[in-house]
Structure formats: structure tokens, C-alpha cells
Amino acid sequence: MSSEDVLKSASTLASYNVLLQVMFRVLTFLLNAFTLRFVSKELIGVVNVRLTLLYTTLVFLSREAFRRACLSGGSGTNHSWRQVINLLWLTLPLGVLWAALLVCVWLWLLEIPDPQTVPYYGPAVVLFGLSGVQELLAEPLWVLAQAHMFVRLKVVAESLAMIAKCSITVVLVVSAREWGLYIFSAAHLVYTGVLVLCYAAYFIRFLGSEQAYKKSFPVHHVGELLPCRVDGEPLVDWTLARLTWSFFKQSFLKQILTEGERYIMTFLNVLSFGDQGIYDIVNNLGSMVARFIFLPIEESFYIFFAKVLERGHDVKKQKQEDVAIAADVLECLLKLVLVIGLIITVFGYAFSHLALDIYGGSLLSSGAGPMLLRCYSCYVVLLAVNGVTECFVFAAMSQREVDNYNLVMLALSVSFLVLSYVLTWWAGGVGFILANCLNMGLRIVHSLLYIHRYFQFTAWKPLRGLRPSPLLLLALAVSGVITAVSESVFCCDSGWLLRLVHIGVGAVSLLGVLVVVLLTETRLIQFVRTRLLPQYGKKHT
């Protein structure tokens, strides 16, 4: 597959992933708004912080390293897919071990919620752990689908799973509220079960078909999806296994940085379960755009960079056409996420109070809620830039560089935990966001230095993508001042008419910023039309 074909497939995958994440976030957004009316904030805190942390920790530590290694450039080409599948099945026993360990910690070492307010905590912990193990059954199928750019499979599978989860949650919250945590545990089990069934059903139908033959798919029948040894070959590719181990050591540190505030809340009890619920809702609301736009771009273009670039090789010893495409894509991606992040920061400040009041009423808009969301709006810019820079860096690093970066991640993890603990006692929930900002900034600096060295002696300067036009910066500054004044005059305690005026002022200001983007960032607009939205753009640039 040529670099252009890989780029086209990665762009299509990013587009579908964005749509999928939009649907996920909208459904989760509506589900949280709905359940806020029926269950206590303490129960929401336990589900959204503690139980979700158990699930995400289990699946991340069990599969993330395998995914990164097996999707690196050369998987299935320089490596036998038989060995790759064997390696991927190791996620299941690893997941069982993690599940047993984490369930014991969650049941016996952590504070137990009041059973009157949050009933059935113990069974819920076991069921959330079981759901994580159940999801790992689909891991070899997921990697095969991603590596061969089956873009629609992921969208359909995760859409059906999320719809099933939301449907069960709504029905049980309304009809059986007294079930407490059983409601959310059952819904999550159904989610992972539907996910596994969708992937299994697709590959059972696909393998051996004429379509698989035309694609020269490396697996020919269902039996080859199970682990087995081929005569004359090792059970696994040990080069790939060592790379997996490098990523596995890094996954500990990355998980702490990603979910650090939840670990602090869970293990150090700096916030009550009710306050955890409020923080998590505000955090999810603030991260909606970051998650449904930036994360899919990072995941999809990591695959692109990993396939186009040769890991650990000097840039001058690689195909210059491939390097040129990678540099061009990196520059445009940096510009894209920076512009989106700056827009969110500017308009998030003036509309945080209104958004929380509409979403959850005084429960969210009073107290620290609006300040939390304003701070998170600033954090979004750092999230955006870090996602793109790290997806390039992780795709280009050699195994030795990955191992060395683990030491950097270790230092960042320790500093993040210390900063989170200190800043939370000083500033409450806002302290979590401040600690995240500081650590994200350090990660960005490290990635930028790596990218600068990587392209230092070439004609390509992809870091120019971090320099938006002066006219755009001026438009953003003017819009920030106008919307801040509008909020102080029209919002948010004087009725809906003045609220609508404030929304209108924001809409006009946003339109002005978008017009400036269209006029000044023509190359970026072309990239979005022809790469991220290939179905609407031209076939070739």
C-alpha cells in the first residue's frame, strides 16, 4: 500500500472515528443529563470515577502496549500475522490477572461507599472487572480490523454497543432505581458483550469470502484467529514482543498521567463521592470536543505515521516522498488542532456558566462548576497539541528511544501525582486541571524537541503549524473580549431572553472567527477538505 493510499485510509478512518466519538459523547452527554434527575450525585461519582477507573485501568494496562506494537510499521509485513495473533491473545490472561488484582484492591483497600446511598458496591466492582476481561476477547479482531483499515466495522460495532448500553441504563433507571449500581454494571456488561459479538460475527462472515480473497487477507478461516504454533516458527515474534514490553512499561506511566486525577480522588479521598460526581460531569462536559475530535485524529494518524515512517531510522535514509508526506500532514494537523483548541478556549470562558446551568441546573452552575469548566477550556489547547505531537513521536521512535522516554514519563508521573495532591488541597477540583496543564506542557516540550531534531537537517519544518496567522489571533482576542462583556451584561440570572442575546453575540463572534480562518488558513482548509473529509473533497490534492 503506497503512502498516499495509507494516508487516504487513515484520513477516512479519522473521519469515521470523529463521527463515532461525536455520537458517543452526545449519547453520554444526554445520558448523564437524564440520570442526574433520577440518581444521587454520590452514585454518579462512584460509577463515573471509581468503577470506570477500574475498567479503564484494566483494559488499558492489558492491551495498550500490544496495540501500539502490533500496529507499528511492518506488522503483518515484516512479521507473521500468525505470530502477531498469538501475541495478541496474551492480552486475555494478562487481563484476568489485572482484574483479580484490581478487584481485590477496590474491595478491600479503598473506602467503601455508604450502602444506603450507593447500594451493591461489591457486586458492581466484580461485574465491571468481568466486563473488562470480556472486551479483551475481541482484541485480536480489533487489531486485524485496524491494521487493514476496516473503518466501518469499528463504527457499527461501537455504535450498536453504545445504543444497547444507553437503552438498558435508561430503562432500568426509570423502572428499577432501587437496583443502584446493578443498573450501570449490567449496562456495561451488555456494552462489552455486544462489542465482542459484532467483531466475531463480522469476521466469521468475512473470512473465506470472495471479498477477503480479493483483499489478500492474511487470515483465511476462523480457526486461524485462535492461538496456535506453526512448524518452523517461534510461537511469537520476539522482536515484536520486546517492543510490546517497552510500550507496556510506558503504559503504566501514561495511564497515571491520563487518569491521574481519578487515582488521586480514589486513593487519597481528597474529594467526597458527591464532589467527585460533580467534578467528573464537568470534566466530561469540558472534554467532549477534545475527545470526539482530537482523540480520533490521534489514533488514526498514529497508524498513518507508523506505516509511512521507518521506526528508529534516520530521516535521510528513508523514502523522501514518504517523509515529505508525513511532514506535510504533521504540519497541517498541528495547525488544525491548535486553531480548534484556541476557539474552544476563547468561547469556553464566556459560555461555561450558561452551559452548566442548561445542562444540570444550579447543581452544576453554582459553586466551583463554572470555574472548573473555564480552566478546562484552557487545558483543551494543550490536550490538542500533545495528542498530535505524541502520536508522531511514538510512531517514529526506536525501541531504545521508547525505553528512554519511559524514564521521562516516570518523572512526569511522579511530579503529576505530587502536584495534583498539593494543588487539590489548595484549590479543590481546579487543582487537578492546573496539575494536568503543567504536566501536559512538559510532555509537549519533550515532543517538540524530538520533532525539531528529527527534521533539523531537512527542508521540512512541520512545527510551523504551531504559528497561526496574526489576523486570526487578533480575531480571537476581540471575540474573547466581546463575549466576556456579553456574559457580564446578559447572563445568566435575567431570564431566557437575555440568555439568547448572549448566545447570539457568541454566534456572531464565532462566525467572524471562522471567516478569518477561511481567509487566512487556506492550506489548512484544503487539507481538511481533501484529507479529513475525503468523501467531500477531491480524490487528489
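Residues numbered from 1 in each chain as written. Predicted model: local features only at pLDDT ≥ 70, side-chain atom pairs only at ≥ 80, totals over all residues. Heavy atoms only, no water.

### Here we look at the packing of aromatic side chains
Summed over the entire model, instances satisfying the criterion amount to 24 aromatic pairs. Ring centres of Tyr202 and Phe203 lie 5.6 Å apart, and the angle between their planes is 85°; this geometry places the pair in the edge-to-face category. Aromatic rings pair up to connect Phe301, Phe304, Phe305, Phe392, Tyr450, Tyr454 and Phe455 into one cluster. Positioned over the ring face of Trp142 is Arg67, at 3.5 Å from the centre of the ring. Lying over the aromatic face of Tyr191, Lys165 brings its terminal NZ or CZ to 5.6 Å of the ring centre. (Phe/Tyr/Trp six-rings, centres within 6.5 Å; stacked < 30°, edge-to-face > 60°. Lys NZ or Arg CZ within 6 Å of the ring centre and 35° of its normal.)

### Regarding the environment of Leu141
The topology assignment puts Leu141 in helix 6 (residues 139-147). Overall, the relative accessible area of 10% leaves Leu141 in the buried class. Between the alpha carbons of Leu141 and Tyr199 there is a distance of 6.5 Å; along the sequence they are 58 residues apart. (Helix = DSSP H or I, 4+ residues; strand = E, 2+ residues; numbered from the N terminus. Buried < 20%, exposed > 50% of the residue type's maximum accessible area, 1.4 Å probe, protein only.)

### Describing the layout of surface pockets
A volume near 610 Å³ is recorded for the second largest pocket. Lining the second largest pocket are 24 residues, with Ile344, Phe347, Gly348, Phe351 and Ala355 sitting closest to its centre. Those elements that place two or more of their residues in the lining of the second largest pocket are helix 12 (273-286), helix 13 (288-308), helix 14 (320-360), helix 16 (369-396) and helix 20 (496-520). Here the residues of the lining of the second largest pocket sort into 19 nonpolar, five polar and no charged. (1 Å grid on protein atoms, 1.4 Å probe; cavity = no way out; pocket = protein on both sides within 12 Å on 5 of 7 lines; lining within 4 Å. Points joined across faces, edges and corners; volume = space filled by probe spheres on them. Nonpolar A, V, L, I, M, F, W, Y, C, P; charged D, E, K, R; others polar.)

### With respect to the packing of helix 11 (residues 260-268) against helix 17 (residues 399-427)
One way to put it is that helix 11 packs onto helix 17 with a least axis distance of 10 Å and a crossing angle of 60°. Between helix 11 and helix 17, the interaxial angle falls into the category oblique. The two elements helix 11 and helix 17 meet at a crossing, and its hand is right-handed. Of the residues in helix 17, those touching helix 11 at Gly260, Glu261, Ile264 and Leu268 are Phe416, Leu417, Ser420 and Tyr421. (Axes fitted to C-alpha atoms, helices over the stretch in contact; angles between N-to-C directions. Parallel < 35°, antiparallel > 145°, perpendicular 65-115°, else oblique. Left-handed = near helix turned anticlockwise from the far one by under 90°. Contact = heavy atoms within 4.5 Å.)

### Regarding the environment of Val408
Looking at the element boundaries, Val408 is found in helix 17. Spatially, the C-alpha atoms of Val408 and Leu442 are 9.8 Å apart, while their sequence positions differ by 34 residues.

### Details of helix 3 (residues 81-88)
Residues lying three or four places apart along an α-helix face the same way, a consequence of the helix completing one turn every 3.6 residues. Counting buried positions along helix 3 yields eight of eight residues, so the element is predominantly enclosed. What helix 3 keeps buried is the set Trp81, Arg82, Gln83, Val84, Ile85, Asn86, Leu87 and Leu88. For helix 3, the secondary structure elements touched by its buried residues are helix 2 (41-70), helix 4 (91-108), helix 6 and helix 10 (238-258).

### Focus on helix 12
Its 14 residues place the ends of helix 12 20 Å apart at the C-alpha level, agreeing with the 20 Å of an ideal helix rising 1.5 Å per residue. By the criterion of burial, helix 12 is predominantly enclosed, with 13 of the 14 residues buried. (Expected span 1.5 Å × (residues − 1).)

### Topic: the state of the cysteines
For the structure shown, the criterion picks out zero disulfides. Here Cys228 is not cross-linked by a disulfide; its sulfur's nearest cysteine counterpart is in Cys70, at 16 Å. Assessed through its relative accessible area of 34%, Cys228 is described here as partly exposed. Just so you know, Cys391 is unpaired, no disulfide at all, and the nearest cysteine sulfur is the one on Cys332, 14 Å from it. (Disulfide = S-S within 2.5 Å.)

### Concerning the pattern of salt bridges
Scanning the entire structure with this criterion turns up 12 salt bridges. Here Arg63 ties to Glu135 by a salt bridge, and the two come within 2.9 Å at their closest N and O atoms. Here Glu135 lies in helix 5 (residues 121-136) and Arg63 lies in helix 2, a separation of 72 residues in the sequence. Owing to a relative accessible area of 13%, Arg63 belongs among the buried residues under this scheme. Salt-bridge contacts for Glu487 lead to Arg374; the nearest nitrogen and oxygen are separated by 3.0 Å. With Glu487 in helix 19 (residues 470-490) and Arg374 in helix 16, the pair connects residues that are 113 residues apart, well separated along the chain. (Salt bridge = Lys/Arg side-chain N within 4 Å of Asp/Glu carboxyl O.)

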